[in-house]
Amino acid sequence: MTTFGRRRFLGLSGAALAAALGVAGCARTSQKEAATTAGGDVIRWWDHFQPLQPLNERIFAEYGRAHPGVRVEHEVYNPNEMGQALQLAFKSNQIADVHSIAGMGTSEAALVADGWFSPLAGQDAIRANLPADSLLEGLHVFDGKLHTFPLFSSRQYATLNWFNRELVEKAGGDPDKGPATWDEFRSLAARITKAGGGRAYGWIQGLQFHERLQTHVTELAMSAGAPLAMAGASGMGLVDPKTGEYAYASDPFVHALEFLLSLVRDKVVFPASTSLDARTARARWATGVAGMFFDGSWNVGVVNGQFKQFIDKVGVGSIPSPEGEPVLYGAPAPGQLFVSSQSEHVEVASDLLARLTSPEYHKGLATFMDQVPLDLDAVATADVHPTYKRAVELFGQTVRLAPSPVARNSAVAQVLSEMKQPRPTLGEITQGILSGEVTDIRKALREHTGKLTAERERATRVVSGKGVKVSLDDWKFANWQPGEDYTAKMYQAS
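Residues numbered from 1 in each chain as written. Predicted model: local features only at pLDDT ≥ 70, side-chain atom pairs only at ≥ 80, totals over all residues. Heavy atoms only, no water.

Things to note about the overall build of the protein
1) Next: Of the regular secondary structure elements, the protein holds 22 helices and 13 strands.
2) Next: Relative to a compact globule of 494 residues, whose C-alpha radius of gyration would be 23 Å, the protein shows 22 Å and is just as compact.
3) Next: Seen through its C-alpha atoms, the protein measures out along the principal axes to roughly 65 × 55 × 45 Å.
4) Next: Buried positions account for 58% of the 494 residues belonging to the protein.
5) Next: Looking at the protein alone, contacts between residues at least 24 apart form 76% of all its contacts between residues at least 6 apart.
6) Next: Summed over all atoms, the accessible surface of the protein reaches about 19,800 Å², with 49% contributed by carbon and sulfur.
7) Next: Averaged over its 48 positive side-chain charges, the protein has a centre that lies 4 Å from the centre of its 53 negative ones. (Helix = DSSP H or I, 4+ residues; strand = E, 2+ residues; numbered from the N terminus. Rg over C-alpha atoms; globule rule 2.2 N^0.38 Å. Buried < 20%, exposed > 50% of the residue type's maximum accessible area, 1.4 Å probe, protein only. Contact = heavy atoms within 4.5 Å. Areas by Shrake-Rupley, 256 points an atom, 1.4 Å probe, with all protein chains shown as cover. Lys, Arg positive; Asp, Glu negative; His and termini not counted. Charge placed at Lys NZ, Arg CZ, Asp CG, Glu CD.)

Listed below in structure tokens is the structure:
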């Protein structure tokens, strides 16, 4: 199999890209010739699930044995770089048959509207293996056709506090639970930094990766009381469910950003964090240069696979919150993988994807300790590190199901597709605040909220002007109750 390093791939363009991919057997005409010569199909598969690479490639090998001649060329991308690679490949008609959409910064509906994906073949068999309420129009289903499906649970978040037990204990912290509140986190980070004497700092984070940084800010704001209804893959879909209005200028967001800024001002942040993305920050953290690191449940899977010598030092605690009792809201689980509209192997690619709906695959997901599988029962019986089970327990204690405007009215997805992401994004604003370029936090958030509000109003007028029944009221959920799950029956009563 011929693959390209991500930086080399991103450096290619135009004729050079087409020529390089053609030589590699990745251009469409070359794919046909290669498939004919080999007597089967070559399926190109791009994703960003690094911890799951052995599991997925085992599935590919099993499928190849059951279907002689089918071969999968698998490329795992850094999520911080994948969006650029996808954009370039799509425009050049060189995109993989199956791919995830990390780093795209737009909704699934927008990508469907732009012609990125093909509906899955064999939809009835795929649907039969999934909970009926896990598939939503506008998120997985478009015009009645299934385009993707969730692999992972809604009850999870990406801002667990992972910590170096040795550094925490040395600084007088709890090596089993870690800090619960923002004040405890800040104090512990200061003590770790002081004890480190320039060799270890309190906190490390991939501050270069603005999309992940946006996620951390949003989840910290939720831990401070921000209620958010969910729709779409970006901040354009997050609103207060009671009012239907964007909540970015509210106190919880201001306080979350003030908390992060306090860590910078306290000088407890690993100095190179501004040049790191999530993966490079994790790699540095595993060398012992920092005590604490925000990440999702997949963190321990990566550590176990790449930094085995560090695994016994790893502890995990809940996202820190002002009072130590966070409640977060999980969006309806999105789909993770799609079949490209440019693929010439839709049936085979769909059949491969169908293998990812089996109970065996979900148990395998748990074993590799990545995101939490859709089938939570798989975690209880899987051979996993204690911190992974603890992470899933924390999710169950703190995460509630959020209402989704898309689930109530699928036309909301058309509004999200029409919307253009205002710049700077929340993640970019956060980078500016932490670097000192943005000094008035509330003003920056108000401006961001104003831009989003105006853009949503514009997009709603455009969509409703086409005869589609949609309004800003679709974002309001009068029967939503803080701290409770928003169930399927509640959509009918709203």
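After that view, the rundown keeps rolling.
Side note on helix H9 (residues 182–196)
1) Next: In this model, H9 (15 residues) spans 21 Å end to end at C-alpha, consistent with the 21 Å of a helix rising 1.5 Å per residue.
2) Next: Within H9, burial applies to Trp182, Phe185, Leu188, Ala189, Ile192, Thr193 and Gly196. End-on, the buried residues of H9 take up no more than an arc of 135°, which puts them together on one face. Turned more than 90 degrees away from the buried face of H9, the exposed residues are Asp183 and Lys194.
3) Next: The elements touched by buried residues of H9 are strand E7 (160–164), helix H8 (165–170), strand E8 (201–203), helix H10 (210–223), helix H11 (251–265) and strand E9 (290–295).
4) Next: Following H9 by one or two positions, Gly197 has its phi on the positive side, about 55°. (Expected span 1.5 Å × (residues − 1). Arc of directions from axis to C-beta.)

With respect to unusual backbone geometry
1) Next: The omega angle of the peptide bond from Arg423 to Pro424 is 0°, so this bond is cis rather than trans.
2) Next: By the secondary structure assignment, Pro424 is in the loop between helix H19 (412–418) and helix H20 (426–435).
3) Next: Phi is positive for Asn93, which is not a glycine, with a value near 60°.
4) Next: In this fold, Asn93 is placed in the loop between helix H5 (79–91) and strand E3 (98–99).
5) Next: Take Asn93: its relative accessible area is 37%, and that puts it in the partly exposed class.
6) Next: Positioned with a positive phi, Lys267 is a non-glycine residue whose angle comes to about 60°.
7) Next: Of note, Lys267 is situated in the loop between H11 and helix H12 (278–285).

With respect to the pairing of strand E1 (residues 42–47)
1) Next: Counting buried positions along E1 yields six of six residues, so the element is predominantly enclosed.
2) Next: The alternating pattern of E1 places Val42, Arg44 and Trp46 and Ile43, Trp45 and Asp47 on opposite faces, both of which are buried.
3) Next: As defined by bridge partners, E1 adjoins strand E2 (residues 71–76) across six bridges and the pair is classed as parallel. Its bridge partner lying in E2, Ile43 is registered against Val72.
4) Next: As a crossover connection, the stretch from E1 through helix H4 (residues 53–66) into E2 is right-handed.
5) Next: The sheet contact formed by E1 and E3 spans two bridges and is parallel. Each residue of the ladder has a partner; that of Trp46, found in E3, is His99. (Pairing = 2+ DSSP bridges. Right-handed = clockwise from strand over helix to strand, strands pointing away.)

Section: the layout of surface pockets
1) Next: If you add up the space inside the second largest pocket, you get close to 600 Å³.
2) Next: Around the second largest pocket, the lining is made up of 23 residues, and of these Asp133, Ser134, Ser154, Pro332 and Leu401 lie nearest the centre.
3) Next: Class assignment of the residues belonging to the lining of the second largest pocket gives a composition of 15 nonpolar, six polar and two charged. (1 Å grid on protein atoms, 1.4 Å probe; cavity = no way out; pocket = protein on both sides within 12 Å on 5 of 7 lines; lining within 4 Å. Points joined across faces, edges and corners; volume = space filled by probe spheres on them. Nonpolar A, V, L, I, M, F, W, Y, C, P; charged D, E, K, R; others polar.)

Considerations on the confidence of the model for the protein
1) Next: Across the protein, the average pLDDT comes to 88, with 91% of residues at 70 or higher.
2) Next: Segment residues 1–39: pLDDT under 50, and 67 contacts once partners within four positions in sequence are set aside and those in other chains are kept. (pLDDT = per-residue confidence, 0-100.)

Here we look at the sheet that holds E8
1) Next: Pairing within the open sheet is mixed, and its four strands lie in the order E8-E9-E7-E10. The two strands at the open ends of the sheet, each matched to only one other strand, are E8 and strand E10 (314–317). Within this sheet the neighbouring strands show an average axis-to-axis angle of 25°, counted without direction.
2) Next: By the bridge criterion, four bridges tie E7 to E10 in an arrangement that is antiparallel. Counterpart to Asn161 in the pairing with E10 is Gly317. (Axes fitted to C-alpha atoms, helices over the stretch in contact; angles between N-to-C directions.)

Concerning the pattern of salt bridges
1) Next: As enumerated under the stated definition, the model contains 15 salt bridges in all.
2) Next: The shortest N-O distance in the salt bridge between Asp295 and Arg212 comes to 3.5 Å. With Asp295 in strand E9 and Arg212 in helix H10, this pair connects stretches of sequence that are 83 residues apart.
3) Next: Given a relative accessible area of 0%, Asp295 falls into the buried group.
4) Next: Owing to a relative accessible area of 18%, Arg212 belongs among the buried residues under this scheme.
5) Next: Residue Lys476 is joined to Asp473 by a salt bridge in which the shortest nitrogen-to-oxygen separation is 3.4 Å.
6) Next: Using a relative accessible area of 36% as the deciding quantity, one classes Lys476 as partly exposed.
7) Next: Owing to a relative accessible area of 47%, Asp473 belongs among the partly exposed residues under this scheme.
8) Next: Each of Arg212, Arg282 and Asp295 takes part in salt bridges that share partners, so that together they form one network. (Salt bridge = Lys/Arg side-chain N within 4 Å of Asp/Glu carboxyl O.)

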